[in-house]
Amino acid sequence: MLRLRLLASFTLLLLVGGCAATPPSARRVPHQLVAHGHTRIDDYFWLRDREAPETLAYLAAENAYTAARLAPLRGFEDALFDEIVARIKPDDDTVPYRERDFFYYVRFAAGQEYPIFCRKRGSLDAAEEIMLDSNPLAAGHDFFSIRAARISSGQNILAFATDTVGRRFYDIRFKDLTTGALLAETIPQVTANVVWAEDGKTIFYAKQHPETLRWYQIYRHVLGTDPASDTLVYEEPDETFSVYVGKTTSRAYLVIAAEQTLSSEVRLVPADRPDAPPALFWPREREHEYAVDHLGDTFFVRSNWQAKNFRLLATTDPAAGKEGAREVAGHRDDVLLEGFDLFTGHLVLTERREGLVRLRIRALADGAEHELDFGEAAYVAWPTDNLEPATTTLRYWYSSLTTPDSIIDYDMVTREKTLRKRDVVVGDFDGARYQSERLFAPAADGRQVPISLVYRRDRGDGPRPLVLYGYGAYGASSDPQFDSALLSLLDRGVAFAIAHVRGGQELGRWWYEEGKLGQKMNTFTDFIACAEHLVARGVADPARLFAYGGSAGGLLIGAVINLRPTLFAGAVADVPFVDVVTTMLDETIPLTTSEYDEWGNPNDEADYWTMLAYSPYDNVFPRPYPHLLVTTSLHDSQVQYWEPAKWVAKLRATSTGDNLLLLQTDMAAGHGGKSGRLKQHRDTALRYAFLLHLAGLAR
């Protein structure tokens, strides 16, 4: 143990104090930002110019500095990458699902990064038809993303969307599956939200604003016509709303849904009459969120009208309004209704109770109900690929921190489960070696914050190095899902935990509401409480405690290290949203207007001061910050690259310590980092090498 600590100290000296690389120093150009009589000085505002040579030079200098500092770990990082991808089955495929006359699936070929879309007619014993191999389309591009892959109602035309930049502007293309020919027409620079009507020749798609990227228009395109003459079906005028298009389970209606944080509104178009004008379902109301599906002669509506945790309503006459609908599943204070699936003879309710997903199944003939038993303390499960309602089989996806992703068919009558596939972890993997636990940390106000914990059983019983992950925004729950890459930490004795902080929706709608707007500080103090609880229980070694989060979770990291700069030995912030006030004052950039009800509107003075109190960039002060790795992407469409770049520049000029401060910018990617099922783990290997080095385990 002494030798290990000496080795770790020597490596740390090499990386922190003994490297000749000079930290970049961004030029300071004071820029005044005035609101509500208050002036802020932003010395690095100039970094917003994406095309400026000076901006690109600064990002390149930071990349070079990161490379130089981590040079002693390069071999270890490469070994980690090899180790992570070696666990991934080289040639793999998804479980086929039925839609109309075909079984559809995706497979990957050994050594290739991108999916091959396939199908078989009528039976799994039929010959394979390769609809599209996306690997040739990706050739020559540093970044490639393919989405949609939607089949026409005639089952002979494939629509798919590709992005080669990472900014989430997609080109929609078409392939004739009868002849194998790619059609000449292309719909350029729109979203990947694509839905076919039931006439076999018409698609609907969403288009985003060129600057704010808000999805605000729905267009209709008819095959064989010029996309420049496509018909505008609906345009959303309210800048706080976004709009998308979908289709009901019955395939009878196209659903045009406009949504924002606290409200939604649905319009319907008969799928067999795509040129019909959209008909309003229920008019929007402040604080009423609803979603519509249809089967038989009934519309089913998930609604939070007089139901904070949502309930399920049904109606055959939308004109009767929500007051005229009957209740199918009532509201419960301790259960959040997250979704529902419709079958001819059954209704499946996806609910969340005590932080965990539950699937409740109701037989429509007699109303008898039962709930699936998953048998683990921490897990996640979701219905998936249930596209043909005339069946008694429910297909669901299941995963836990110790169980690889699984696809299971469940007979809702006999209650028999059939495992269709469990992801293969190549190598010597045994889930029994790992222990998963569910803990609760007391927050400052008495709330009990759930923690999902996993570690390897045979790597010691005392306090361990521990990575604590958090997100806590938008009502998105951070579920305990299996990740084979995580084994590279667990097998080296590092524990991993998820802090289910407020701002997520794990414990119900109220858990989300207590972590947003004026109560946002709860998200950060909950995370701190989880860290302290893990130390107090003897689970985490306080000298090797690390924090990790991305996007809104990067905001969490930034706020936490401002509040408690010495609590964590190190932290990783991926694409972090850290310049909260300045971003939310700028209506010209993505996500601002649509998120006023999430973060607040700083044009309102009370909201301004609330947000200013936690905004990471605005609360950087002289203090010894922990070791910090920050990542971003030049083409990020969600969090603009300049937020983490400015944050690092300010930290570099302000921090009183000499800990590592590294910024890595991917010059050819977007919000999700590198593309490709294998290549994406270059980012994972970098992150893990950094954390394992700090834990003294980079060997």
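All of these numbers come straight from a predicted model, not from anything done at the bench.

## Description of the overall build of the protein
Per the secondary structure count, the protein includes 13 helices and 40 strands. For the protein, the C-alpha radius of gyration of 26 Å lies close to 27 Å, the compact-globule estimate for 699 residues. For the protein, buried positions account for 59% of its 699 residues. Relative to all contacts within the protein whose residues are 6 or more apart in sequence, the contacts with residues 24 or more apart total 56%. Total accessible area on the protein stands at roughly 27500 Å², and carbon and sulfur atoms take up 50% of it. Computing the positive centroid from 75 side-chain charges and the negative centroid from 95, the protein places the two 4 Å apart.

## Quick notes on the side chain of Asp163
Within the secondary structure, Asp163 sits in strand 9 (residues 157-163). Despite being buried, Asp163 has no salt bridge partner; Arg168 is the closest side chain of opposite charge, sitting 6.5 Å away. Among the polar contacts made by the side chain of Asp163, one reaches the main-chain amide nitrogen of Val165 at a distance of 2.9 Å. Reaching out from Asp163, the side chain makes a polar contact with the backbone nitrogen of Gly166 at a distance of 3.1 Å.

## Regarding the packing of aromatic side chains
Centre-to-centre distance and the angle between the planes together describe a pair of aromatic rings. Tallied over the full model, the rule gives 24 aromatic pairs. On the numbers, 5.5 Å between centres and 50° between planes, the contact of Trp282 with Tyr290 is tilted. The pair Trp282 / Tyr290 is uniform in exposure class, with both members buried. Consider the rings of Trp510 and Trp511, whose centres lie 5.2 Å apart with planes at 85°: the pair is edge-to-face. Cluster of aromatic residues (ring-pair linked, three or more members): Tyr253, Phe281, Trp282, Tyr290 and Phe299. The positively charged end of Lys322 is found above the aromatic ring belonging to Trp305, 5.3 Å away from the centroid.

## Observations concerning the environment of Trp46
Along the chain, Trp46 falls in the loop between strand 2 (38-42) and helix 2 (53-69). What makes Trp46 buried here is its relative accessible area of 17%. Residues Trp46 and Lys120, spaced 74 residues apart in sequence, show a C-alpha to C-alpha distance of 55 Å. The contacts of Trp46, once residues within four sequence positions are left out, are Ala26, Arg27, Val29, Glu54, Thr55 and Tyr58.

## Structural notes on the sheet that holds strand 25 (residues 335-342)
The strands making up a sheet are joined through hydrogen bonds of the backbone, oriented either antiparallel or parallel. If you trace the four strands from one edge of the open sheet to the other, you get 25-26-27-28, paired in antiparallel fashion. Each edge of the sheet is formed by a strand with only one pairing partner; in this case those strands are strand 25 and strand 28 (369-371). Across the sheet, the mean angle separating the axes of adjacent strands is 25° when strand polarity is ignored.

## Thoughts on the sheet that holds strand 29 (residues 379-383)
Read from one edge to the other, the open sheet built from four strands follows the order 29-30-31-32, with strand pairing classed as antiparallel. At either margin of the open sheet sits one strand with a lone partner, and together these are strand 29 and strand 32 (417-422). Here the average twist between neighbouring strands, direction ignored, is 25°. Taken together, the six bridges between strand 30 (residues 393-400) and strand 31 (residues 406-411) define a ladder with antiparallel strand orientation. Residue Tyr398 lies in a different strand from strand 31, and its bridge partner there is Ser406.

## Focus on the pairing of strand 30
Of all eight residues in strand 30, seven are buried; the element is thus mostly enclosed. Sheet topology note: the strand 29/strand 30 ladder contains five bridges and is antiparallel. Residue Val380 lies in a different strand from strand 30, and its bridge partner there is Ser399. Where strand 30 hands over to strand 31, the hairpin turn is made up of five residues, counted between the paired strands.

## Remarks on the pattern of salt bridges
Once their charged atoms are close, side chains differing in charge can pair, the charge on each being opposite to the other. Per the counting criterion, the structure on display carries 50 salt bridges. Between Arg311 and Glu327 there is a salt bridge whose closest N-O contact spans 2.8 Å. With Arg311 in strand 23 (residues 311-315) and Glu327 in strand 24 (residues 326-329), the pair connects residues that are 16 residues apart, well separated along the chain. Residue Arg311 is classed as buried on the basis of its relative accessible area of 11%. By relative accessible area, Glu327 is classed as partly exposed at 45%. One salt bridge connects Asp541 with Arg544, and the closest N-O pair in it is separated by 3.0 Å. Taking the relative accessible area as the measure of exposure, Arg544 reaches 18% and is therefore buried. Overlapping salt bridges, with partners in common, bring together Arg332, Glu351, Arg360, Arg362 and Glu369 in one network.

## Some details on the packing of helix 7 (residues 521-536) against helix 8 (residues 552-563)
One way to put it is that helix 7 packs onto helix 8 with a least axis distance of 9 Å and a crossing angle of 70°. Taken together, the axes of helix 7 and helix 8 lie roughly perpendicular to each other. Helix-helix and strand crossings are classified by hand; for helix 7 and helix 8 the assignment is right-handed. Of helix 8, the residues touching helix 7 (which contributes Met521, Thr523, Phe524, Phe527 and Ile528) are Leu555, Leu556, Ala559, Val560 and Leu563. Tallied by class, the residues present in the contact of helix 7 with helix 8 amount to nine nonpolar, one polar and no charged.

## Side note on unusual backbone geometry
For Glu354, which is not a glycine, the phi torsion comes out positive at approximately 55°. Position of Glu354 relative to the elements: it lies in the loop between strand 26 (346-353) and strand 27 (356-363).

Calculation criteria
- Residues numbered from 1 in each chain as written.
- Predicted model: local features only at pLDDT ≥ 70, side-chain atom pairs only at ≥ 80, totals over all residues.
- Heavy atoms only, no water.
- Helix = DSSP H or I, 4+ residues; strand = E, 2+ residues; numbered from the N terminus.
- Rg over C-alpha atoms; globule rule 2.2 N^0.38 Å.
- Buried < 20%, exposed > 50% of the residue type's maximum accessible area, 1.4 Å probe, protein only.
- Contact = heavy atoms within 4.5 Å.
- Areas by Shrake-Rupley, 256 points an atom, 1.4 Å probe, with all protein chains shown as cover.
- Lys, Arg positive; Asp, Glu negative; His and termini not counted.
- Charge placed at Lys NZ, Arg CZ, Asp CG, Glu CD.
- Salt bridge = Lys/Arg side-chain N within 4 Å of Asp/Glu carboxyl O.
- Polar contact = N/O pair within 3.5 Å; in protein donor to acceptor, adjacent residues only side chain to side chain.
- Phe/Tyr/Trp six-rings, centres within 6.5 Å; stacked < 30°, edge-to-face > 60°.
- Lys NZ or Arg CZ within 6 Å of the ring centre and 35° of its normal.
- Pairing = 2+ DSSP bridges.
- Axes fitted to C-alpha atoms, helices over the stretch in contact; angles between N-to-C directions.
- Parallel < 35°, antiparallel > 145°, perpendicular 65-115°, else oblique.
- Left-handed = near helix turned anticlockwise from the far one by under 90°.
- Nonpolar A, V, L, I, M, F, W, Y, C, P; charged D, E, K, R; others polar.

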